[in-house]
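As a plain string of letters, each chain reads:
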Amino acid sequence: MISIQGKGVSTGVAMGPLYFYTRAKSTIRRIKVTDTEAEWGRFKAAQAKAIEQLGELYEKALAEAGEEAAILFETHQMMAEDDDYVESIENLIKEDKLNAEAAVTDTAAQFADMFAQMDDAYMQARAADVKDVSGRIIGILTGVVQGGIDSDVPVVLAADDLAPSETVQLDKSKILGFITEGGSGSSHTAILARTMGIPAIIGVGKQVKAEYEGRDVIVDGGTGSIIIDADEATRNVMMAKREEQIKQRKLLEQLKGQENITRDGQKIRVYCNIGNPEDVSTVLSNDGGGVGLFRSEFLYLNCSDYPTEDYQFEAYRQVLSDMGDKEVIIRTLDIGADKQIDYFQMPKEENPALGNRALRICLNRPEIFKTQLRALYRASAYGKLGIMFPMVTSVWEVKEAKKLCEVVKKELEAEGKPFSPDVEIGIMIETPAAAVMSDRLAKLVDFFSCGTNDLTQYTLACDRQNNDLGRFFNPHHPAVLRLLKMVCDNAHKNGVWVGICGELGADLELTETFLSIGIDELSVSPRSVLPLRQKIRETNVSAVKEKVLADLLGEGSAI
Ligand code: PEP
Ligand code: MG
């Protein structure tokens, strides 16, 4: 038995075989083949295997998630057999003497382009499907598996580190848990693991060795403990822990439908953070009161070119209609820093977290921003939408962004395209500058949402991606909490509501503090809704407020 200690960043116990993440090769070899019949045979075999895999995925999804989820795999199967698609590959192999990998790559690009240029949003979305199917066939041909997981059973995935763009593309049905060499608790990969409810441990360094692959591993995302080939006694303890967690979860189920209200009657809204439209089902199954942060950049990370207005409109419309009359706050594009996208072709930066990111990119490239704003306003006709801008530091940025909203609304009006007149506009408070200027910013918006992941990073001058900063990176630092109080006071003086959508919102050690300073909304990962509701319902704000505020503002906070 081997025990390894890392840092747990997403709770839960998982057990299964250890599997190392392999990165798909980004370049496909292009060679001329002499035996074209043999090459055609290679393609046909890979195509048959892909169809078989998709059939298995269809059955699995049907059993676990129902017809609607499964239908995607059926569509992919049909694409893999489509006459035009196969004929194009056959011509490239037999006439142009191309190798099968290159023939599939070229055909995929041609078909994806063709779909992307269609007017119909449904057909445009097929561009991603044809790339997906082709990626699967290429993976089989090259032996490099799409999504990095070539296993029939679900696995505990180990990697040096995972970029957000890699994490979003993983086949989640195959992942029981994550282990990474590097990483940090407030990195986007850790955030995604929490949103998906998958146990995750980071910062294990080189302790998980390649030769452990395939061996049984138990991860405890709460304590950060990893056990390889556990002895029977340890295994029993961990199984019991897992059972206990499942039992606890069932107990929390009783809180569904209950109010987020303290013992002395103070109410707070509990919303959820999501990264894509599919996450809405977990928001609803965890009884989230709304979506407090939809990180729209994950739509962009999932595409290989700028997503069109119609493509985005479909995604936003889906979230809004699935959420019914519940509020949905969609954050405009927040790329840069750790979320890099090749097709944006951004120049390399020395300090990307302090560089061209989020609203800065949108204001510098208004054509991209306007496409997103048009999609958002069009989708607003289908639900209760709030739009918020990330990485604000100055009043002029908000004025300029709002002006673009007005331009977009006028365009849509002229085109006769409907949108809601009641879209709320908000900003994220995630830089000290925005917090300090919150008295003036409050006059321009309907709400603030505090992004404590970045607010902590920028206030304490501590890189949120760096796991080695240890006690220096402290989101409980009074500098951060005092800024939150200041933002709250300035917001309320101006009739603006204020929420927290950073990971700190789910930190139960601070629930009393947030209630005491008057936060109106907490937006957390879906699985954190019920534990947070429980904590809120146990709290008596009037009994703790005086002490909490004294600790925050007085000597008690002298860290
Ligand atoms: C934050 O910074 O707290 C936040 C919610 O945004 P992100 O984590 O996506 O940067
Ligand atoms: Mg942020």
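Up top is the structure.
Every value quoted in this text rests on a predicted model; they were computed, and no experiment measured them.

A. Inspection of the side chain of N286 at higher detail. With respect to the helices, strands and loops of the structure, N286 is situated in the loop between α9 (280-285) and β10 (291-295). Among the polar contacts made by the side chain of N286, one reaches the side chain of R249 at a distance of 2.8 Å. When sequence neighbours within four positions are dropped, the list of residues in contact with N286 reads R249, K256, P526, R527, V529 and L530.

B. A look at a positive patch on the surface. A cluster of like positive charges, contributed by K399, K403, R440, K443 and K493, occupies part of the molecular surface. Of the residues examined, K399 reaches a relative accessible area of 45% and is grouped as partly exposed.

C. Structural context of empty space enclosed by the protein. The final tally for this structure, using the stated rule, is two cavities of 30 Å³ or more. Lining the largest cavity are 15 residues, with R295, R331, E430, N453 and D454 sitting closest to its centre. Contributions of two or more residues to the lining of the largest cavity are made by β10 and α17 (452-460). As a volume, the second largest cavity reaches approximately 40 Å³. In terms of lining, the second largest cavity is formed by I191, L192, T195, N273, I274, G275, R295 and F298. When contributions to the lining of the second largest cavity are tallied by element, the ones reaching two or more residues are α7 (188-196) and β9 (269-274).

D. A look at helix α14 (residues 395-415). With 21 residues, α14 extends 31 Å between its outermost C-alpha atoms, agreeing within 8% with the 30 Å of an ideal straight helix rising 1.5 Å per residue. Of the residues making up α14, those classed as buried are V395, E397, V398, A401, L404, C405, V408 and L412. Those residues of α14 that are buried are in contact with α12 (359-364), α13 (366-379), β12 (384-389), β13 (424-429) and α16 (438-441). Count one or two residues on from α14 and you reach G416, which has phi positive near 70 degrees.

E. Summary view of the site of ligand 1. Neighbouring residues of ligand 1: 17 residues in total, closest H188, R295, R331, N453 and R464. In this structure, G451 approaches ligand 1 through a main-chain N or O atom, which is 3.3 Å from an oxygen atom. A distance of 2.8 Å separates an oxygen atom of ligand 1 from a polar atom in the side chain of R464. Its free accessible area being 290 Å², ligand 1 has 100% of it covered by the protein chains. Of the pockets mapped on this structure, ligand 1 occupies the largest cavity. Counting residues per element, the ones that place at least two in the shell around ligand 1 are α7, β10 and α17.

Parameters at a glance
- Residues numbered from 1 in each chain as written.
- Chains lettered and ligands numbered in written order.
- Predicted model: local features only at pLDDT ≥ 70, side-chain atom pairs only at ≥ 80, totals over all residues.
- Heavy atoms only, no water.
- Helix = DSSP H or I, 4+ residues; strand = E, 2+ residues; numbered from the N terminus.
- Polar contact = N/O pair within 3.5 Å; in protein donor to acceptor, adjacent residues only side chain to side chain.
- Contact = heavy atoms within 4.5 Å.
- Patch = residues over 30% accessible without salt bridge, like charges linked within 9 Å, V, L, I, M, F, W, Y side chains within 5 Å.
- Areas by Shrake-Rupley, 256 points an atom, 1.4 Å probe, with all protein chains shown as cover.
- Salt bridge = Lys/Arg side-chain N within 4 Å of Asp/Glu carboxyl O.
- Lys, Arg positive; Asp, Glu negative; His and termini not counted.
- Charge placed at Lys NZ, Arg CZ, Asp CG, Glu CD.
- Buried < 20%, exposed > 50% of the residue type's maximum accessible area, 1.4 Å probe, protein only.
- 1 Å grid on protein atoms, 1.4 Å probe; cavity = no way out; pocket = protein on both sides within 12 Å on 5 of 7 lines; lining within 4 Å.
- Points joined across faces, edges and corners; volume = space filled by probe spheres on them.
- Expected span 1.5 Å × (residues − 1).
- Near = heavy atom within 4 Å.
- Sits in = over half its atoms within 2 Å of the grid points.

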